[in-house]
Amino acid sequence: MAAVAEEPPEVAAVKPDPEAGTPPQPPAAAPPTAAAAATAPAAPPAPAAEGEAAGNGGDAAAAAKAAAPGPAASPAALDRQTLVAVLQFLRRSNLRESEEILRREARLLGDDLGAAALSPTGAGLLGAAGGEGDVGGSEALLNRVTAAAAISIGGSVATVASASPGVAAAAAVPPGKGGGALVVEDQPDVSAVLSAYNQQGDPTLYEEYYSGLKNFIECSLDCHRAELSQLFYPLFVHMYLELVYNQHESEAKSFFERFHGDQECYYQDDLRVLSSLTKKEHMKGNETMLDFRTSKFVLRISRDSYQLLKRHLQEKQNNQIWNIVQEHLYIDIFDGMPRSKQQIDAMVGSLAGEAKREANKAKVFFGLLKEPEFDVPLDDEDEEGENEEGKPKKKKPKKDSVGSKSKKQDPNAPPQNRIPLPELKDSDKLDKVMNVKEAARRVRLGPECLPSICFYTFLNAYQGLTAVDITDDSSMIVGGFADSTVRVWSVTPKKLRSVKAAADLSLIDKESDDVLERIMDEKTASELKILYGHSGPVYGTSFSPDRNYLLSCSEDGTVRLWSLQTFTCLVGYKGHNYPVWDTQFSPYGYYFVSGGHDRVARLWATDHYQPLRIFAGHLADVTCTRFHPNSNYIATGSADRTVRLWDVLNGNCVRIFTGHKGPIHSLAFSPNGRFLATGATDGRVLLWDIGHGLMVGELKGHTDTIYALRFSRDGEILASGSMDNTVRLWDAVKAFEDLETDDFTTATGHINLPENSQDLLLGTYMTKSTPVVHLHFTRRNLLLAAGAYSSQ
Amino acid sequence: MAEREERRFVELPRESVRLMAESAGVELSDEVAALLAEDVCYRLREATQNSSQFMKHTRRRKLTVEDFNRALRWSNVEAVCGYGSQDALPFRAIKEGELYFQEDREVNLVELALATNIPKGCAETAVRVHVSYLDGKGNLEPQGAVPSAVSTLTDDLLKYYQHVTRAVLGDDPQLMKVALQDLQSNSKIAALLPYFVYVVSGVKSVSHDLEQLNRLLHIARSLIQNPYLCLGSYVRSLISSVMYCTLEPLAASINPLNDHWTLRDYAAMLLSRIFWTHGDLVSGLYHQILLSLQKVLADPVRPLCSHYGAVVGLHALGWKAVERVLYPHLSTYWANLQAVLDDYSVSNAQVKADGHKVYGAILVAVERLLKMKAQQAAGQQPEGSPRHSPRPDPPAEAGLGLGRPLLQLGGGGGPSAALTPPALSLHDMYRELYDFFGDSLAARFGTGLRPPAPLPPPPGTPEKEPLAFGGEGAARKMPQLTASAAASPPEEESPRPALHRSTSLPRARGAARQPGHRPGARDVFQKCRFAPRGAPRFSFVIAGRQAGRRCRGRLFQTSFPQHHGPGHVSRYAQKLPMIGRTARPARRWARAEYSLHLLL
């Protein structure tokens, strides 16, 4: 009994979020269907109840249906549900006596309860005759329902329970499983998820329902029509899936045929998947289907439009649609003017609708970390370098600029030690100095001064070039290939050498000045090093900032760390178990991120064989991953057509950007950390303001997937490279110039995108027949592009 | 709409499922098979959808077998082995029944295993850098140009390439033969294919040298015949080279002593061969070829040798091509040709000789067209494929089917019965052609189907007198030669090796020899000729004007007004069929005295 009393906190967790609020009583609506599904397979072991059930079948179903939509009926429905669940449990546990007692008790509450209690059985007999297959899964669900029921009865059932010791014992069991039920809630069991569709409506009426709603929406006022039209797609999908699940194949087909033309064109891909789905058995393994079921489709609708819809549905008694709206949709209601069609179109398109507004409210420290001050010896070195080149005059102004830049603390920057970063090594400092020196000679880019473009063409790459990376100082280029090899080229005259073997190393005079030179084995010098180790195509590669390491990820599910001193594999990070699509080193080294087919991104540190963070939330493959320049955040693009920003510190998702109409394949942060550019298969580049969590630009022009995006070193130019064999340059300064970031926009998330792609496009540069796979700005702002020549 | 929905995806018929089950020893009921078929289709679609992500992440546009296998592997299904090639496997069609299959060439493992020098499959992957755009402007250097990769070939391949090109273009005919032979059978030269194709495309720069042109075409032929080479997109390049040899007014054709006709014939033969064996690699190829041939033919400015090339090219592509392009164009073209042929000035002699070449080529082409039409009309043959493919019948089939309709005609009892259904179109076509060619057309038909026995004098009519008379002198030669002309189109057009030729020819002749069908065939054309009483008379005036007045010979007599007397007639008659044999393989009539222009 004590156990039962302790449970209520978890009840809240099991129930759908109460403060989501707007769907009046989600808990009331959900359990009946769930219970109905759960009981269906459980019916056979209870022959005693069967006759009764069959007799009551017809009106039982009706009763269940009636109970579902009515918000007013919710407390009664809740009680009934709990009773049903307990009865079920007792029956399953062969506690006939207790069941009888309970039933007798229940009858006292009202006659209709009996019918309600049996309704699931009836429904099961009627509809889910073919449900034998998912007995195992339903058991899990049953447990869940039972547990939840037992818990939520709380005190009210306590009296019943105390009346019979048997029931008390029974009631004591569920809490034990309560924990398990929570897990189930987190990672929904497949058939449990599916069975939620097991509600019986007249299949022939579906088309009527849908077209009724369609008529209503099309006849509504213009200002509401655009908003309400958002309902079409999720309703269409869920109704179709319901039909399929309940094995009304022909109805499902004709439903699809009739209405799929109404859906927005950017849902074509999903519709194609759906249309191939015509059998209940096929739903089990279908990922798109599961995505739909596990996540609520989020719609953003103004209060007026929502009221309109609600009134209509209630008037028409359109329960089928109302159920779907309640169970499968999340309607994010805002006050104020309804949005226009353009505003909506800009934001929708992802697998699960738009992002909820509160998802983008968290504060993000998008500023850059303070650069460490250079100490005196380094300055000397700097000076020395200048003297060597015989331009001591320039030293002063440059030093100033360096000083001012590093002293200025960005107000938006995270605390310097928010996440622990590795100490700078001497070599790193040297590199930074080099960087600053190069930066002084950097070309100031702009619309008048476009960068020169060098193209690195991979010739004879018959095995298929899949990934490219170039070191920050542009001295090495690495290619990942579909034949599992990783090939590193030196693009400077300096050849690649590995360190001597241990025996030889011991002979070296460690005190000598050129010891670093001496440890290298001259015999191994070559322009190209091939790294073997993966057993599948290499989909992502990344150099560490200090150029000592190289990361590669592959279809074989591993991320490998290679040493560029010895050209051997150091570590194989296993964890994804499925193809890993992308990986990248943090700009400060040490950390790296990977994302793959298992729908999660992982944060690793090179010296840990297990991930430090797992970023879960995407509904489909994580296709690309990028570190924020301050290393505190990670952006991931996914095949669910959303981009998410994750906080490295706590693993929270702090931004969800929707608006792309295809899987995202490239990401780039602006050098100042404020903006994010994303490119997808839809051939569009979208620009996002990270601080406000808003879309701020759309760059149209590419005709194929964008695989590469890069900002110039000072952020004036955005370069995009695509499968359509072009590199395009965009005016980033202008794109971010006068942003509409007033409070209203920020608060509501309503954006008005200017149609200015053509003004922002500075140039289109064709290759002969080479898809652009990678782009890189050198420290002097020369644009390097890379790709494999394809003869077709 | 519902129909379309049904066909949204490829569906597996339940028969296939049942067959597969039977092969595994399981009997399936209809229901089970249908269910299984549907499930298999769904799984296939699912796997295909899953495989597309591997394609996307490999930065490709083309879905490969590897992608599909990956998807299978990740869903714990056994992968499909043996189709890992990067290149597409072309489907070949079988005409009888709509059946497509993948060509599975046999690999001689022994040869592979015993090969001593195994060259590396492909060149080393390399990165090349070049400045594409300086300050955002201009392309400084063509990027990824293929020839630059020559240096990255392995030494072995490079050596092979040098040796072969040297041998083929060099002086030693024996060496050339060996080199071509090797080129035809070497399985390891795939990496060199672009270079050889490039070499062949050199025809455009050696158009003055017949010998070189010939050799380059030989290289092309060897490449085509090499079963290990997948020509892929290089088909286009090869075709353009071959078309060049067929159609262009080569520098070599300025000198009348150069036998560029042979080259054109050979090139046309190659054209048809490429098309028949590799045409499926490039879509729309047939129409492109036809279009360019038509363009040449319709261009009166082009020299006659170009026209000749176009005609033999069409002829080589099959009778349907002739019907589609040449036949409708004939009436306009005829006026030009007639003007050339009617000009007796000395300065025109050379041109006129060329004109006769063209005339002969057209004659052969339309004769074949008529013959095929007649066969088709006879209804014996399931003409072409039922799906009306743009491609004409494979010539091989034409060769095999040559004797069949005749048999039918003979066995079908009354010749009129066999004739009646198709009489209309065939009849019209024949009449129109007869208007152009006069008796020469009819005679060739008549004798072509005749056994090589002496001609029985046809039933005498006044109109036929000249024919009979002319035929008298040529009686010994004519039947034999025309017979071979009748049989030759299939053999020359056929892309099949010589072996096939030897088999098809006797069969055709054998069929022709069978008694009984001869009168039938004869009747077809006699009827055509004489049923419309007015037409022959008219055409006789046009085509046979000169002949009737001066030499009582046939049409060709008009070209040689300087010859008189029966002696000349017979002498001419000997040469006459040569015109009809234009499509014959080159080596046969490389002997110069057979060429028409030497007559003058």
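Located above this text is the structure these notes cover.
Quick look at the structure, then. Remember, it's a predicted structure, so these values are computed and weren't measured experimentally. (Residues numbered from 1 in each chain as written. Chains lettered and ligands numbered in written order. Predicted model: local features only at pLDDT ≥ 70, side-chain atom pairs only at ≥ 80, totals over all residues. Heavy atoms only, no water.)

Re the sheet that holds strand E4 (residues 465-470) of chain A
Strand pairs in the sheet, formed through backbone hydrogen bonds, run parallel or antiparallel to each other.
All names here are of chain A.
Logical step 1: Judged by pairing direction, the sheet is antiparallel, and its four strands sit side by side in the order E4-E5-E6-E7 without closing on themselves. Every other strand in the sheet has two partners, leaving E4 and strand E7 (528-531) as the edge strands with one partner each. The sheet shows a mean angle of 20° between the axes of neighbouring strands, taken without regard to direction.
Logical step 2: Of the pairings in the sheet, the one linking E4 to strand E5 (residues 476-481) comprises five bridges and is antiparallel in character. Bridge pairing in E5 links Ala467 to Gly480. (Pairing = 2+ DSSP bridges. Helix = DSSP H or I, 4+ residues; strand = E, 2+ residues; numbered from the N terminus. Axes fitted to C-alpha atoms, helices over the stretch in contact; angles between N-to-C directions.)

What about the packing of aromatic side chains?
Logical step 1: Per the counting criterion, the structure on display carries 33 aromatic pairs over all chains.
Logical step 2: With a centroid separation of 6.5 Å and an interplanar angle of 55°, the aromatic rings of Tyr206(A) and Tyr209(A) are classed as tilted. Note that Tyr206(A) and Tyr209(A) are positioned in helix H12 (residues 206-219) at a spacing of three residues, about one turn of the helix.
Logical step 3: Both rings, one in Tyr161(B) and one in Phe196(B), keep their centres 5.5 Å apart while their planes meet at 55°; by these two values the pair is tilted. Placement of the pair is Tyr161(B) in helix H6 (residues 155-169) and Phe196(B) in helix H8 (residues 193-200), with a sequence separation of 35 residues. For the residue pair Tyr161(B) and Phe196(B), the accessibility class agrees, reading buried in each case.
Logical step 4: Here the basic side chain of Lys356(A) rests over the ring of Tyr330(A), its NZ or CZ set 4.3 Å away from the ring centre.
Logical step 5: Its guanidinium or amino end placed over the ring of Tyr266(A), Lys661(A) lies 4.7 Å from that ring's centre, counting from NZ or CZ. (Phe/Tyr/Trp six-rings, centres within 6.5 Å; stacked < 30°, edge-to-face > 60°. Buried < 20%, exposed > 50% of the residue type's maximum accessible area, 1.4 Å probe, protein only. Lys NZ or Arg CZ within 6 Å of the ring centre and 35° of its normal.)

Let's talk about the nonpolar core
Across soluble globular proteins, you tend to see nonpolar side chains buried next to one another.
Logical step 1: Formed by 97 residues in total, the largest nonpolar core has its most connected members in Leu326(B), Ile362(B) and Phe437(B).
Logical step 2: It is helix H14 (residues 319-342) of chain B that contributes the most residues to this core, 12 residues altogether.
Logical step 3: Not counting chain neighbours up to four residues away, the residues in contact with Ile362(B) comprise Val311(B), Leu326(B), Leu330(B), Tyr333(B), Leu337(B) and Phe437(B).
Logical step 4: Judged by nonpolar contacts, the second largest core, of 49 residues, contains Phe256(A), Met283(A), Trp322(A) and Ile333(A). (Core = buried A, V, L, I, M, F, W, Y, C linked by side-chain atoms within 4.5 Å. Contact = heavy atoms within 4.5 Å.)

What about a nonpolar patch on the surface?
Logical step 1: There is a patch of nonpolar side chains on the surface, built from Val80(B), Tyr83(B) and Leu89(B) and spanning about 250 Å² of accessible area.
Logical step 2: Assignment of secondary structure puts Tyr83(B) in the loop between helix H4 (65-74) and strand E1 (91-94). (Patch = residues over 30% accessible without salt bridge, like charges linked within 9 Å, V, L, I, M, F, W, Y side chains within 5 Å. Areas by Shrake-Rupley, 256 points an atom, 1.4 Å probe, with all protein chains shown as cover. Salt bridge = Lys/Arg side-chain N within 4 Å of Asp/Glu carboxyl O.)

Quick word on the interface of chain B and chain A
Logical step 1: Counting residues at the interface gives 47 residues for chain B, matched by 63 residues for chain A.
Logical step 2: Together chain B and chain A conceal approximately 5,000 Å² of surface at their shared face, both sides included; 51% is due to carbon and sulfur atoms.
Logical step 3: Inspection of the region where chain B meets chain A yields three salt bridges.
Logical step 4: Between Arg61(B) and Asp704(A) there is a salt bridge whose closest N-O contact spans 3.1 Å.
Logical step 5: Elements with a contribution of two residues or more to the side of chain B that touches chain A: helix H1 (2-6), helix H3 (30-57), H4 and strand E3 (126-133) of chain B.
Logical step 6: Note that strand E3 (residues 453-459) of chain A and E3(B) share seven bridges and pair antiparallel. Across the sheet, the residue bridging to Tyr456(A) is Val129(B), located in E3(B). (Buried area = accessible area lost by both parts, 1.4 Å probe.)

Things to note about the sheet that holds strand E27 (residues 761-766) of chain A
All names here are of chain A.
Logical step 1: An order of E24-E25-E26-E27 is seen for the four strands of this open sheet, with the pairing classed as antiparallel. The two strands at the open ends of the sheet, each matched to only one other strand, are strand E24 (706-711) and E27. Taken pair by pair, the neighbouring strands of this sheet meet at an average axis angle of 15°, ignoring direction.
Logical step 2: With five bridges connecting them, E24 and strand E25 (residues 717-722) associate as antiparallel partners. In the strand pairing of E25, Ile706 is matched with Ser722.

Limitation: the analysis is restricted to geometry and does not speak to function.
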